[in-house]
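Per-entry structural report
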Amino acid sequence: MDKSNRRAANAATLQQELRWLSDVIQTRLDMQLRHERRSPIEDVFEIAPPELDSEDSMYASFVAHYEMGFGERLTALLALAPHVQPQLLDLFFQTNERLNRGYTEWGGVQGKMHGGFLPTGETALFLIAGEDLDSRFEHQRLFDADHFFARHNILKLEPAPSGEPILSGRLVMADEIIDFLTTGEFRKPDYSRDFPAKLISTEMEWDDLVLAPTTLEQIQELEAWIRHERVLMEDWGLARRLRPGYRCLFYGPPGTGKTTTASVIGKRVGRDVYRIALSAVVSKYIGETEKNLERIFGRAENMNCILFFDEADALFGKRTSISDAHDRYANQEVSYLLQRIEDFPGVVILASNYTTNIDEAFMRRFQAVVHFPMPDPAERKRLWTASFSKQSVLDSTLRLDDLAQKYELSGGAIINVVRYASLMALDADTNVIRSADLVGGIRRELQKDGKTL
Ligand SMILES: Nc1ncnc2c1ncn2[C@@H]1O[C@H](COP(=O)(O)OP(=O)(O)OP(=O)(O)O)[C@@H](O)[C@H]1O
Ligand SMILES: [Mg+2]
């Protein structure tokens with residue numbers, strides 16, 4: 001099915017479903033307000049939801065996949081309604097004339113910008129259970145941590161302020177589920193304070209990577225996992241013995257291709273790669289970290305993308321010496337993060353420049369610990385050769401073999417030298433890369449590492 005057909009199918013199903021939601025709301029309100037019944041219905045459960053068997057929409061497959069019951073379906077729709085047909089909930093804006101205020105039992109809150117009614121857990125349970133306490137208690141499990149709504153990050157209640165009923169939390173459906181059920185396409189999340197992760201991509205291909213043989217082997221193993229995970233875990237039944245997900249540490253000096261390799265992997269297996277600069281998350285967002293990380297992990301799980309935690313050195317530092325409250329916070333957050341990484345059922349890659357003895361207990365948490373060493377002379381030769389533009393030519397005195405032998409530079413440093421020397425050539429109105437510029441560029445790179453030529 002193409003995009004517009006899928007969207008149309010989603011719209012058609014949701015039209016019917018929203019009509020059903022509207023009937024249920026009307027009936028429940030009539031029951032409560034003891035209005036004249038429009039129909040001889042005793043309870044909202046008698047209003048059968050639409051038959052979806054022949055529907056080809058995302059919503060229909062969502063309902064079928066989770067074998068959703070009446071309460072689940074109603075709750076999901078209620079959470080979706082403000083996003084697709086907000087006016088449908090305006091019925092809840094009636095005032096209780098006896099008290100001259102809204103009805104407590106209907107729950108709901110008002111948004112900061114949104115003019116309509118935003119349903120809470122209370123609203124959902126009111127629709128489902130009315131004043132029947134037993135039914136209310138039964139349906140409270142919709143918001144339990146082990147209900148599929150929470151486990152699969154589909155919808156949840158926003159935490160209520162301390163001391164207030166849990167059900168007064170707003171009913172929120174995950175953005176990507178809303179996308180999935182409506183347009184059928186995921187919007188990529190933007191980098192923001194709330195979502196400190198950035199989509200990364202690369203123009204480079206697998207063949208452009210210059211990696212040591214053992215590094216390459218481990219990367220292939222990671223790819224094999226991504227490709228065969230489902231068959232291995234489900235069809236071959238290893239899910240009973242293996243922890244879900246794949247956790248991997250890339251470590252090595254700056255510029256050795258860790259970030260690039262992660263992007264290339266994502267491109268090859270068709271998954272988005274989100275980069276999170278860990279140092280920023282741990283320090284800048286102190287106290288907010290858990291909330292932010294939770295958002296990242298939650299979205300990543302639904303979107304099936306790869307999480308790339310960069311600058312993970314913060315995790316390897318001594319975690320025992322606590323000098324002030326800030327450290328204590330950071331410590332807590334590091335522990336939280338490690339736990340969350342371990343529980344995450346997808347692919348997580350951590351990258352670090354840390355090379356000296358990483359804690360063994362720490363290492364055991366990873367399925368693979370991949371070293372990105374400085375390239376050897378043969379690898380440097382390949383990097384030099386690949387880096388220059390085909391539009392340029394080398395000064396006849398230059399020998400790439402010599403450069404590769406002589407200077408211990410990373411791939412990142414080599415590309416910097418090439419950029420510098422190429423710019424100098426263009427500035428001198430020539431396409432000849434000059435030896436002096438190249439050596440100048442190399443000197444600059446070596447100086448960065450505190451070395452001299
Ligand atoms: N192994 C490699 N193969 C091909 N190109 C490389 C390699 N390593 C580095 N490069 C080049 O250097 C640039 C920088 O590399 P990259 O950002 O991937 O390094 P990194 O290991 O992530 O560094 P850092 O630790 O500083 O984050 C890449 O865009 C690429 O052009
Ligand atoms: Mg990097």
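Each remark here, short or long, concerns the structure printed above.
Observations regarding the overall build of the chain
Of regular secondary structure, the chain possesses 17 helices and 14 strands. Classification of the 453 residues of the chain by burial places 45% in the buried group. Once local pairs closer than 6 in sequence are excluded, the contacts in the chain between residues at least 24 apart make up 71%. Total accessible area on the chain is roughly 24300 Å²; 49% of this is exposed by carbon and sulfur atoms.

Here we look at the pairing of strand 11 (residues 347–352)
Extensive coverage of strand 11 is indicated by the burial of 6 of its 6 residues. Inspection of the sheet shows strand 8 (residues 246–251) paired to strand 11 by 6 bridges, in the parallel sense. Within the sheet, the bridge partner assigned to tyrosine 251 lies in strand 11 and is serine 352.

A short note on the site of ligand 1
Lining the immediate environment of ligand 1, one finds 17 residues, of which Val210, Gly255, Lys258, Thr259 and Thr260 sit closest. Interatomic distance of 2.8 Å between a backbone N/O atom of glycine 255 and an oxygen atom of ligand 1. For ligand 1, an oxygen atom lies 2.5 Å from a polar atom in the side chain of threonine 260. Calculation on ligand 1 without its partners gives an accessible area of 630 Å², and the protein chains cover 77% of this total. Every element with two or more residues in the shell around ligand 1 is listed here: helix 9 (258–269) and helix 16 (411–427). Counted by class, the shell around ligand 1 contains 7 nonpolar, 8 polar and 2 charged residues. Two domains each donate at least three residues to the shell around ligand 1, and these are domain 2 (198–371) and domain 3 (377–448).

Structural notes on the side chain of serine 392
Relative to the elements of secondary structure, serine 392 occurs in the loop between helix 14 (377–387) and strand 13 (393–394). Taking the relative accessible area as the measure of exposure, serine 392 reaches 18% and is therefore buried. Of the polar contacts made by the side chain of serine 392, one reaches the backbone oxygen of serine 389; its length is 2.9 Å. If we ignore the near neighbours within four places in the chain, the residues touching serine 392 are Asn431 and Ile433.

Let's talk about the sheet that holds strand 8
One open sheet holds the 6 strands; their spatial order is 7-9-10-11-8-12, and the pairing between them is mixed. Bordering the open sheet on either side are strand 7 (198–200) and strand 12 (368–371), each of which pairs with just one other strand. For this sheet, the mean angle separating the axes of adjacent strands, direction not counted, is 25°.

Side note on the packing of helix 3 (residues 70–84) against helix 4 (residues 121–129)
Remark: helix 3 packs on helix 4, axes separated minimally by 10 Å, with the N-to-C direction vectors making an angle of 140°. What the angle tells us is that helix 3 and helix 4 run oblique. As helix 3 packs across helix 4, the resulting crossing turns out to be right-handed. Between helix 3 and helix 4, the residues in contact are Gly71, Leu74, Thr75 and Leu78 and Thr123, Ala124, Leu127 and Ile128, respectively.

What about helix 14?
Looking at helix 14, one finds that the buried residues are Glu379, Arg380, Leu383, Trp384 and Ser387. Buried positions in helix 14, seen along its axis, are confined to an arc of 140° and lie on one side of it. Residues of helix 14 that are exposed and point more than 90 degrees away from the buried face comprise Ala378 and Ala386. Structurally, helix 14 contributes buried residues whose contacts are with helix 8 (213–235), helix 15 (400–406), helix 16 and helix 17 (435–448).

Quick word on the pattern of salt bridges
When their charged atoms lie close together, side chains carrying opposite charge are able to pair. Following the criterion strictly, the structure yields 17 salt bridges and no others. Among the ionic pairs, glutamate 185 bridges to lysine 3, the shortest N-O distance being 3.8 Å. With glutamate 185 in the loop between helix 7 (175–181) and strand 7 and lysine 3 in helix 1 (residues 3–33), the pair connects residues that are 182 residues apart, well separated along the chain. Classification of glutamate 185 as partly exposed rests on a relative accessible area of 34%.

Description of helix 17
With 14 residues, helix 17 extends 20 Å between its outermost C-alpha atoms, agreeing within 8% with the 20 Å of an ideal straight helix rising 1.5 Å per residue. Among all positions in helix 17, only Asp437, Leu438, Gly440, Gly441, Ile442, Glu445 and Leu446 are buried. Against helix 14, helix 15, helix 16 and strand 14 (432–433) lie the buried residues of helix 17. Following helix 17 by one or two positions, glycine 450 has its phi on the positive side, about 75°.

Description of the nonpolar core
Counting residues in each nonpolar core, the largest one holds 51 residues, and the members touching the most others are Leu21, Phe92, Phe143, Leu155 and Met173. If you list the elements that add at least two residues to this core, you get helix 1, helix 2 (58–65), helix 3, helix 4, helix 6 (148–151), strand 5 (155–157), strand 6 (171–173) and helix 7. The leading source of residues in this core is helix 1, at 9 residues.

Topic: the packing of helix 14 against helix 16
Following both chains from N to C, one finds helix 14 and helix 16 inclined at 35°, their axes separated by 10 Å at the closest point. The handedness of the crossing between helix 14 and helix 16 is right-handed. The residues of helix 16 that touch helix 14, namely those facing Arg380, Leu383, Trp384 and Ser387, are Gly411, Ile414, Ile415, Val417 and Val418. Classifying every residue of the contact of helix 14 with helix 16 by side-chain character gives 6 nonpolar, 2 polar and 1 charged.

Focus on the packing of aromatic side chains
Scanning the model with the defined rule gives 16 aromatic pairs in all. Ring geometry for phenylalanine 250 against phenylalanine 372: centres 4.8 Å apart, planes inclined by 45°, an arrangement best described as tilted. Residue phenylalanine 250 is located in strand 8, and its partner phenylalanine 372 is located in the loop between strand 12 and helix 14; the two are separated by 122 residues in the primary sequence. Each member of the aromatic cluster is reached from another via a ring pair, and the members are Phe92, Phe93, Tyr103, Trp106, Phe117 and Phe126. A cation over a ring is seen here: arginine 268 above tryptophan 206, with NZ or CZ 4.2 Å from the ring centre.

Here is what the cut-offs are and how they apply
Residues numbered from 1 in each chain as written. Chains lettered and ligands numbered in written order. Predicted model: local features only at pLDDT ≥ 70, side-chain atom pairs only at ≥ 80, totals over all residues. Heavy atoms only, no water. Helix = DSSP H or I, 4+ residues; strand = E, 2+ residues; numbered from the N terminus. Buried < 20%, exposed > 50% of the residue type's maximum accessible area, 1.4 Å probe, protein only. Contact = heavy atoms within 4.5 Å. Areas by Shrake-Rupley, 256 points an atom, 1.4 Å probe, with all protein chains shown as cover. Pairing = 2+ DSSP bridges. Near = heavy atom within 4 Å. Polar contact = N/O pair within 3.5 Å; in protein donor to acceptor, adjacent residues only side chain to side chain. Nonpolar A, V, L, I, M, F, W, Y, C, P; charged D, E, K, R; others polar. Domains from an automatic or database assignment. Axes fitted to C-alpha atoms, helices over the stretch in contact; angles between N-to-C directions. Parallel < 35°, antiparallel > 145°, perpendicular 65-115°, else oblique. Left-handed = near helix turned anticlockwise from the far one by under 90°. Arc of directions from axis to C-beta. Salt bridge = Lys/Arg side-chain N within 4 Å of Asp/Glu carboxyl O. Expected span 1.5 Å × (residues − 1). Core = buried A, V, L, I, M, F, W, Y, C linked by side-chain atoms within 4.5 Å. Phe/Tyr/Trp six-rings, centres within 6.5 Å; stacked < 30°, edge-to-face > 60°. Lys NZ or Arg CZ within 6 Å of the ring centre and 35° of its normal.

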